[in-house]
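Spelled out from the first residue to the last, the chains are:
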Amino acid sequence: MSREAVGAFELMVLLAVLRVGQDAYGVVISREIEKSTKRPVLIGSVYAALERLEAKSLIRHRLGEATPERGGRAKKYFTVTAKGVRAARKTQRQLIDLWTGLRALPGDTT
Amino acid sequence: MSPLVSLLERLGVDPAIAGDLIEEHASGRSRTWLLWQSFAAAAQATAGGIGQHKVLVIRAILVGFVALNLVSRVLIPLRGAIEIPLERRGFAGAGLWFVFYPYGFVPTFVMVRATAVGWITGRLHRPYSVPLVAGLAMASALTTFPEIYRLSADSLTNTRFILYLCLQVGYAALMVVGLLVGAAMSATPSQDSSRS
């Protein structure tokens, strides 16, 4: 896999950032992923994926205000870059291509 | 919760993650959730640090073993200077050292030595103290594996080796814990602009 390729969890995080919009920070991104996967998510894993996506210039972050409710720690707000949107679309097309024409999977009962 | 978050930042966790954990805990997440998330975040920060600084990890391992040798040279005569006169005066087993002397003395000695080595190595490898000393702790644990393997095999045929196996595993665990405690003591909290 090339350095620019987006992994499965990275894609989920990227899509969650896109879904949330301007207010995307760790907690809401995690909740968005938990809502769709119905499984608990490690906030540390979400940040690790965000870091990797930022290293690939697919997202960028800005710092919010430090608030007392967060023990004086500022929020990191993430937004998807134009390159990130292109990467998401490209991955979507690749997945659609792979699914197209696949009528049944081995062992599929539904 | 504050000491836990401070510890997380000393372990190199991004302050934004610490802030998210505080916020989620305040909004009703359980203490178990907080502890699990904190443990995972610390483990990921440590593993990430080791992955990013492979050459520094090798240097930290070398520095750590030199520091272990030097600290042992200071502490072993000190241990003898304390222990031998006490035994001559018949204090052995009298409960002078941490109540359960002589058995408490050796773990205390191992812990103090490991903490000192962790602290020295951490101080020399700031700001990546904890990940690099974690690499040293792994190397230290690996050096005990041949003995643990031998004692495990012996324990299968002769139960009297189980005690020695437990002592060896305990020694390895104390070394790892001591090194990490020393590293955390030497580390500065994560410096990130997301903290005010």
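Scroll up to find the structure this text is about.
Source: prediction; values computed, not measured.

Novice: Teacher, can you tell me more about the packing of helix H1 (residues 8-20) of chain A against helix H4 (residues 82-99) of chain A here?
Specialist: For any two helices packed against each other, one specifies the crossing angle of their axes together with the interaxial distance. Residue and element names in this part refer to chain A. Interhelical geometry of H1 versus H4 gives an angle of 120° and a closest axis separation of 11 Å. The orientation of H1 relative to H4 falls into the category oblique. Considering how the two elements wind past one another, H1 and H4 form a crossing that is left-handed. Contacts between H1 and H4 pair Leu11, Leu14, Leu15 and Leu18 from the former with Gly84, Val85, Ala88, Thr91 and Leu95 from the latter. For the contact of H1 with H4, the class distribution of residues is 7 nonpolar, 2 polar and no charged.

Novice: Help me understand the environment of asparagine 158 of chain B in this model?
Specialist: Within the secondary structure, asparagine 158 of chain B is located in the loop between helix H6 (129-157) and helix H7 (161-186). A sequence separation of 19 residues divides asparagine 158 of chain B from alanine 139 of chain B, and the C-alpha atoms of the two residues are 29 Å apart.

Novice: Is there a simple way to think about the interface of chain A and chain B in this case?
Specialist: One frequent convention defines the size of an interface as the accessible area lost when the parts assemble. Facing the 22 residues of chain A at the interface are 26 residues of chain B. Between chain A and chain B, roughly 1,900 Å² of surface is buried when both sides are summed, and carbon and sulfur atoms account for 48% of that area. Area buried by chain A at its contact with chain B is led by Leu42, Ile43 and Arg73 of chain A, which between them contribute 32% of it. For the interface between chain A and chain B, the tally reads 6 salt bridges. The salt bridge involving arginine 31 of chain A is made with glutamate 24 of chain B; its shortest N-O contact spans 2.4 Å. Our count for the chain A to chain B interface comes out at 13 residue pairs in polar contact (both at pLDDT 80 or more).

Cut-off values and rules
- Residues numbered from 1 in each chain as written.
- Chains lettered and ligands numbered in written order.
- Predicted model: local features only at pLDDT ≥ 70, side-chain atom pairs only at ≥ 80, totals over all residues.
- Heavy atoms only, no water.
- Axes fitted to C-alpha atoms, helices over the stretch in contact; angles between N-to-C directions.
- Helix = DSSP H or I, 4+ residues; strand = E, 2+ residues; numbered from the N terminus.
- Parallel < 35°, antiparallel > 145°, perpendicular 65-115°, else oblique.
- Left-handed = near helix turned anticlockwise from the far one by under 90°.
- Contact = heavy atoms within 4.5 Å.
- Nonpolar A, V, L, I, M, F, W, Y, C, P; charged D, E, K, R; others polar.
- Buried area = accessible area lost by both parts, 1.4 Å probe.
- Salt bridge = Lys/Arg side-chain N within 4 Å of Asp/Glu carboxyl O.
- Polar contact = N/O pair within 3.5 Å; in protein donor to acceptor, adjacent residues only side chain to side chain.

So yeah, pure geometry; function would need other evidence.
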